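Observations on the three-dimensional arrangement
Letter by letter, the chains look like this.
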Amino acid sequence: MINKIIEGYLPQLTAIRHDIHQHPELGFEEFRTSDLVADYLNSWGYEVHRGLAGTGVVGTLRVGDGVKRLGLRADMDALPIEESNGKPWRSSVANRMHACGHDGHTTMLLGAARYLAQTRNFNGTLHLIFQPAEEMLNGGARMVEQGLFERFPCDAIFAMHNMPGMPLGEFFFQHGPFMASMDQFNVRVQGRGGHGAIPQLTVDPVLVASHITVALQSIVSRNIDPLEAAVITVGSIKAGEAANVIPDSAEMKLSVRSLDRQARATLLARIPALIEAQAASFGAHAVVEHVNGTPVLVNDEAMTRFAHRVAEQQFGAARAHYGARPLMGSEDFAFMLDAHPRGCYLIVGNGDGEGSCMVHNPGYDFNDGCLAAGSQYWGALAEAYLK
């Protein structure tokens, strides 16, 4: 009956998703969104807890005398992007949009929340975790640090993300490393400026930054096991204003990714050492700041296989795929899995037809065709785990 019941919710779920999409909020600013989530959970009979990581919401529902405890997590924040599509529900806020589908993730979990409160076809404790600030601000880490799993103990935790380019409403699973770590570095190369006609009297930070950019790639090719994935991207170099003036300094921004914890440790050690040594070899000085980082997301095999079985039983083998390739994108659900390794992060296809575009694109929009499948999946997983 789960499919039929949740399909009856679709008009409401679509309206909720469009409402959240029209009113996007950045990380730790999800005040309206968290109010909306809390109001719905309250109306359906959940115990509602607020305040973790500022705007986080946890809804708890206990049924029967079962001792098992399950956590399901959705993210709520938007991105600082100007939306380019002209749909009626496009963002009403300048330079803010749900460009990653968190509006859909929140709505899918609310759909399951309504179903599970209505049917109560489980025996145990359900914790629905609505997390702020997934995008680069480590809201998941803050929830863990502020006592998420001490206040709301879970025997297993799960989260889901949509993925454009994958068939709509199909589910993808893989145990082990599934999403890459992501670390950001800011670098200031301090040289000595002067006139471009007399470079011998200067220490050119642009030249130094260029050599650093090239040398960084040697870490991947010579310090990382060739069988492990790692990426170092210098996404920004800024220096000077005039063509004939050598500036005093250059600013660099780096993004670093890996699918192996030891490889990540090597990258975090080698990058500052190489940058500082490379700068010194030219007579310059480099200051390296590690801005933030997200660990490798590692799925527990037993919970991943369980999650796959649920999808297979609910939707059929043709829509449940095991052995999905890991992704080099990052996800701060990794902080929750680091603190509580018994869990799984899975993918639902957002559509692969013409016009679908990748997340973090101004033209992206979550596919409403996912709402029923995602809600049904969460409902089925909760019932299967909390038998």
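Located above this text is the structure these notes cover.
These notes cover the structure that comes with them. (Residues numbered from 1 in each chain as written. Predicted model: local features only at pLDDT ≥ 70, side-chain atom pairs only at ≥ 80, totals over all residues. Heavy atoms only, no water.)

1. Here we look at the side chain of histidine 98
Looking at where histidine 98 falls in the secondary structure, it is placed in the loop between β3 (69–75) and α4 (102–119). Taking the relative accessible area as the measure of exposure, histidine 98 reaches 1% and is therefore buried. Among the polar contacts listed, one links the side chain of histidine 98 to the backbone nitrogen of aspartate 103, at a separation of 3.5 Å. Excluding its chain neighbours within four sequence positions, the residues that come into contact with histidine 98 are Ile20, His21, Pro24, Met76, Asp77, Ala78, Asp103 and Tyr364. (Helix = DSSP H or I, 4+ residues; strand = E, 2+ residues; numbered from the N terminus. Buried < 20%, exposed > 50% of the residue type's maximum accessible area, 1.4 Å probe, protein only. Polar contact = N/O pair within 3.5 Å; in protein donor to acceptor, adjacent residues only side chain to side chain. Contact = heavy atoms within 4.5 Å.)

2. Re the sheet that holds strand β5 (residues 156–163)
Sheet architecture is open: eight strands sit in the order β1-β2-β4-β3-β5-β16-β6-β15, paired in mixed fashion. At either end of the open sheet lies a strand with only one pairing partner, and these are β1 (47–50) and β15 (320–322). Recorded for the sheet is a direction-independent mean angle of 25 degrees between the axes of neighbouring strands. Pairing of strand β6 (residues 171–173) with β15 involves three bridges; the strand directions are parallel. Note on β15: the bridge partner recorded for phenylalanine 171 is alanine 320. Packed on one face of the sheet, α4 meets β2 (57–63), β3, β4 (124–131) and β5 and runs near 145 degrees to β3. (Pairing = 2+ DSSP bridges. Axes fitted to C-alpha atoms, helices over the stretch in contact; angles between N-to-C directions.)

3. Looking at unusual backbone geometry
Phi at alanine 53 takes a positive value of approximately 55 degrees, unusual for a residue other than glycine. Following the sequence through the fold, alanine 53 ends up in the loop between β1 and β2. A residue is classified by how much of its surface remains accessible, and alanine 53, at 2% relative accessible area, is buried. One non-glycine residue, methionine 136, adopts positive backbone phi at about 70 degrees.

4. A short note on the environment of methionine 179
Looking at where methionine 179 falls in the secondary structure, it is placed in strand β7 (residues 176–179). Overall, the relative accessible area of 7% leaves methionine 179 in the buried class. Expressed as a C-alpha distance, the spacing of methionine 179 and proline 326, which sit 147 residues apart in the sequence, is 5.9 Å. When near neighbours in sequence (up to four residues on either side) are disregarded, methionine 179 contacts Leu259, Val296, Leu297, Leu327, Gly329, Ser330, Glu331 and Tyr345.

5. Some details on the sheet that holds strand β10 (residues 230–238)
In spatial order, the strands read β10-β12-β8-β13; together these four strands make up an open sheet with antiparallel pairing. A single partner strand is all that each edge strand has here, and the edge strands are β10 and β13 (285–294). Neighbour-to-neighbour, the strand axes of the sheet open up by a mean angle of 20 degrees, direction not taken into account. Note that strand β8 (residues 181–190) and strand β12 (residues 249–258) share ten bridges and pair antiparallel. What sits directly across from arginine 188, in β12, is glutamate 251. Where helix α8 (residues 261–281) meets the sheet, its contacts fall on β8, β10, β12 and β13, and the angle it forms with β13 comes to roughly 160 degrees.

6. Focus on the pairing of β3
Consecutive side chains of a regular strand alternate in pointing toward one face of the sheet and then the other. With six of seven residues buried, β3 is to be regarded as a mostly interior element. Sheet topology note: the β3/β4 ladder contains seven bridges and is parallel. Residue pairing across strands places glycine 71 opposite histidine 127, the latter belonging to β4. In this fold, β3 hands off to α4, which returns the chain to β4; that crossover is right-handed. Of the pairings in the sheet, the one linking β3 to β5 comprises four bridges and is parallel in character. Paired with glycine 71 across the strands is isoleucine 157, a residue of β5. (Right-handed = clockwise from strand over helix to strand, strands pointing away.)

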